[in-house]
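The chain contents come next:
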Amino acid sequence: TIIKLFIVLVACICYHSSSFAQSTTAVIDISDWDGKKEIKLDGNWNFYYGEFLLPGEESTKKEKYLLNIPSEWRDIDELSDKSFGFGTYKTKVIIPDKKLALSLGLKIKRAKMAYEVFINGVLVHSNGVISEVAEHEVPYYKPQIIHVPPLFERNELDILIRISNHQYQFGGIS
C-alpha cells in the first residue's frame, strides 16, 4: 500500500480536515491522520529566497519567510517584484506512529521550474537542474510521486526543497 502525502500546487477546492490545524511555525502536524485519504501538506513552510540550503545547514541571511503553501514567493511583500530566482523551502511533518512501517509517497504536481527534494537528509528526487543563474538551469515540468524512505525510528519527515525558476513568470510551489 502506498499512502500519498500531497504538496499542493494548484488552486482548487480541496479536502481539508479540521484536525490538521494551520500554525505559525513550519511544522505540519498530521499525527491524527488515519491513512485512509491522501492529504495535502498545505500550510506554513520556511522559505529562504536566494539561498540553496542543504539538510542541516543554517541560513547565512536574515531573511527567512514563513510562506503558506500553496503560493508563489512573490506573495511575500518583500518579494512582490521577484518572479524569477531560487530558494529553499523547509518544513517538518509529524506523522502518526502507526504509519512508520508503511510505504509513503510525496506527490508533487507543480513546482516551478527545477527542484530537488530531500527527506530526512536524503536526496530522494530531482526534476530538471536547479541553478542560481538562468544560463545553467534546466527547467523541467513533470508531476511526480516520490518514494519516501522508510521511517522506523522517528515519526517526523524533515522536507527540504531546493527550487529555481528563471524561465516561468511565477516562481515557487503554487
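Thresholds applied
- Residues numbered from 1 in each chain as written.
- Predicted model: local features only at pLDDT ≥ 70, side-chain atom pairs only at ≥ 80, totals over all residues.
- Heavy atoms only, no water.
- Helix = DSSP H or I, 4+ residues; strand = E, 2+ residues; numbered from the N terminus.
- Buried < 20%, exposed > 50% of the residue type's maximum accessible area, 1.4 Å probe, protein only.
- Contact = heavy atoms within 4.5 Å.
- Salt bridge = Lys/Arg side-chain N within 4 Å of Asp/Glu carboxyl O.

### Description of the environment of Ala26
With respect to the helices, strands and loops of the structure, Ala26 is situated in the loop between strand S1 (2–7) and strand S2 (27–29). You can call Ala26 buried: its relative accessible area is 12%. As a C-alpha pair, Ala26 and Asn68 span 42 residues in sequence and 9.1 Å in three-dimensional space. Among residues more than four places away in sequence, those in contact with Ala26 are Asn44, Trp45, Asn46, Leu66, Lys90, Thr91 and Lys92.

### Comments concerning the pattern of salt bridges
Counted according to the given criterion, the structure contains three salt bridges. Asp158 serves as the salt-bridge partner of Lys92, at 2.7 Å between the closest nitrogen and oxygen. Of this pair, Lys92 sits in strand S7 (residues 85–94) while Asp158 sits in strand S13 (residues 156–165), and the two are 66 residues apart along the sequence. With a relative accessible area of 24%, Lys92 lands in the partly exposed category. Accessibility expressed as a relative area gives 26% for Asp158, which makes it partly exposed. Of the charged contacts, one joins Arg162 and Glu116 as a salt bridge, the two residues approaching to 2.9 Å between their closest N and O atoms. Pair noted here: Arg162 is in strand S13 and Glu116 is in strand S10 (residues 114–119), with a separation of 46 residues, a long-range link. By relative accessible area, which is 13% here, Arg162 ends up buried. Its relative accessible area of 18% is what places Glu116 among the buried residues. In this structure, a network of salt bridges that share partners links the residues Lys92, Glu156 and Asp158.

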